[in-house]
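A closer look at the structure
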Amino acid sequence: MFAFGIVAMAPALIISRMVSPRKRSNPVKFLPMECGQVPSGEGRTHFMMQYYPYILMFVVFDVMAIFLYAWGSALLELPKSATLPMMGFLAIMFGAMAFALYQSGRRRIW
């Protein structure tokens, strides 16, 4: 498998070396740019994360929906003792959902 990877990769590397231009690189080319302009100010800034709680709620709901669908489709074949772990799972998921709702109300941290 490794040999096949080398054989498949080698022509791409060789052809790209043969086709690429051989100019010396300009030092300005490697400077950080913002849309073609020289950047001004600090490079790292604080991003507003106002949609973080909603993203968290979507992830929690998505995971919950996947497991609930699998559990619901096999519910008739499962023993009655399989309900307790699912209720524990739902408790954890609703706890995460409650945390996301709590975070969405805390506007001062955004």
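Residues numbered from 1 in each chain as written. Predicted model: local features only at pLDDT ≥ 70, side-chain atom pairs only at ≥ 80, totals over all residues. Heavy atoms only, no water.

For the protein, an unreviewed UniProt entry supplies the name NADH-ubiquinone/plastoquinone oxidoreductase subunit 3 and the organism Candidatus Nitrosopumilus koreensis AR1. The UniProt entry for the protein carries the following comment under Sequence similarities (unreviewed entry): "Belongs to the complex I subunit 3 family." (UniProt positions renumbered as here; feature names shortened; annotations may be inferred.)

Focus: the overall build of the protein
From N to C terminus, the protein includes three helices and zero strands. Listed by position from the N terminus, the elements making up the protein come as α-α-α. Buried residues in the protein amount to 13% of all 110 residues. Once local pairs closer than 6 in sequence are excluded, the contacts in the protein between residues at least 24 apart make up 68%. Carbon and sulfur atoms make up 71% of the accessible area of the protein, which amounts to about 9800 Å² in all. (Helix = DSSP H or I, 4+ residues; strand = E, 2+ residues; numbered from the N terminus. Buried < 20%, exposed > 50% of the residue type's maximum accessible area, 1.4 Å probe, protein only. Contact = heavy atoms within 4.5 Å. Areas by Shrake-Rupley, 256 points an atom, 1.4 Å probe, with all protein chains shown as cover.)

Examining the UniProt feature "transmembrane region" (unreviewed entry) in the protein
UniProt tags residues 51-71 and 83-102 as "transmembrane region" (unreviewed entry). End-to-end, the C-alpha atoms of residues 51-71 are 30 Å apart, and along that stretch the chain is 95% helix and 0% strand. A helix fraction of 100% and a strand fraction of 0% characterise residues 83-102, whose end C-alpha atoms lie 28 Å from each other.

So, helix α3 (residues 83-105)
The α-helix winds at 3.6 residues per turn, so residues separated by three or four positions along the chain end up facing the same way. Across its 23 residues, α3 extends 33 Å between first and last C-alpha, which sits within 8% of the 33 Å expected from 1.5 Å per residue. Buried within α3 we find Met86, Phe89, Leu90, Met93, Met97, Ala100, Gln103 and Ser104. Tucked into the core, α3 has its buried residues touching α2 (52-73). (Expected span 1.5 Å × (residues − 1).)

Things to note about a nonpolar patch on the surface
The grouping of Tyr51, Tyr54, Ile55, Phe58 and Val59 at the surface amounts to a nonpolar patch, some 550 Å² of accessible area in total. Within the secondary structure, Tyr51 sits in the loop between α1 (2-19) and α2. (Patch = residues over 30% accessible without salt bridge, like charges linked within 9 Å, V, L, I, M, F, W, Y side chains within 5 Å. Salt bridge = Lys/Arg side-chain N within 4 Å of Asp/Glu carboxyl O.)

Some remarks on the nonpolar core
A general trend in soluble globular proteins is that nonpolar side chains are found buried together. Grouped together as the largest cluster of nonpolar side chains are 10 residues: Met57, Val60, Met64, Trp71, Met86, Phe89, Leu90, Met93, Met97 and Ala100. Among the secondary structure elements, those contributing two or more residues to this core are α2 and α3. Contact partners of Met64, with chain neighbours within four places excluded, come to Phe89, Leu90, Met93, Phe94 and Met97. (Core = buried A, V, L, I, M, F, W, Y, C linked by side-chain atoms within 4.5 Å.)

Quick notes on α1
The end-to-end C-alpha separation of α1 is 26 Å, in line with the 26 Å expected for 18 residues at 1.5 Å each. The largest bend along α1 measures about 25 degrees and falls at Met9, with the proline Pro11 one to four residues further on. (Bend = angle between axes of the 7 residues up to and from the residue.)

What to know about the packing of α2 against α3
Axis separation between α2 and α3 bottoms out at 8 Å; the angle between their running directions is 165 degrees. Between α2 and α3, the interaxial angle falls into the category roughly antiparallel. Crossing angle aside, the handedness with which α2 passes α3 is left-handed. Partitioning the contact of α2 with α3 into residue classes produces 22 nonpolar, three polar and no charged. (Axes fitted to C-alpha atoms, helices over the stretch in contact; angles between N-to-C directions. Parallel < 35°, antiparallel > 145°, perpendicular 65-115°, else oblique. Left-handed = near helix turned anticlockwise from the far one by under 90°. Nonpolar A, V, L, I, M, F, W, Y, C, P; charged D, E, K, R; others polar.)

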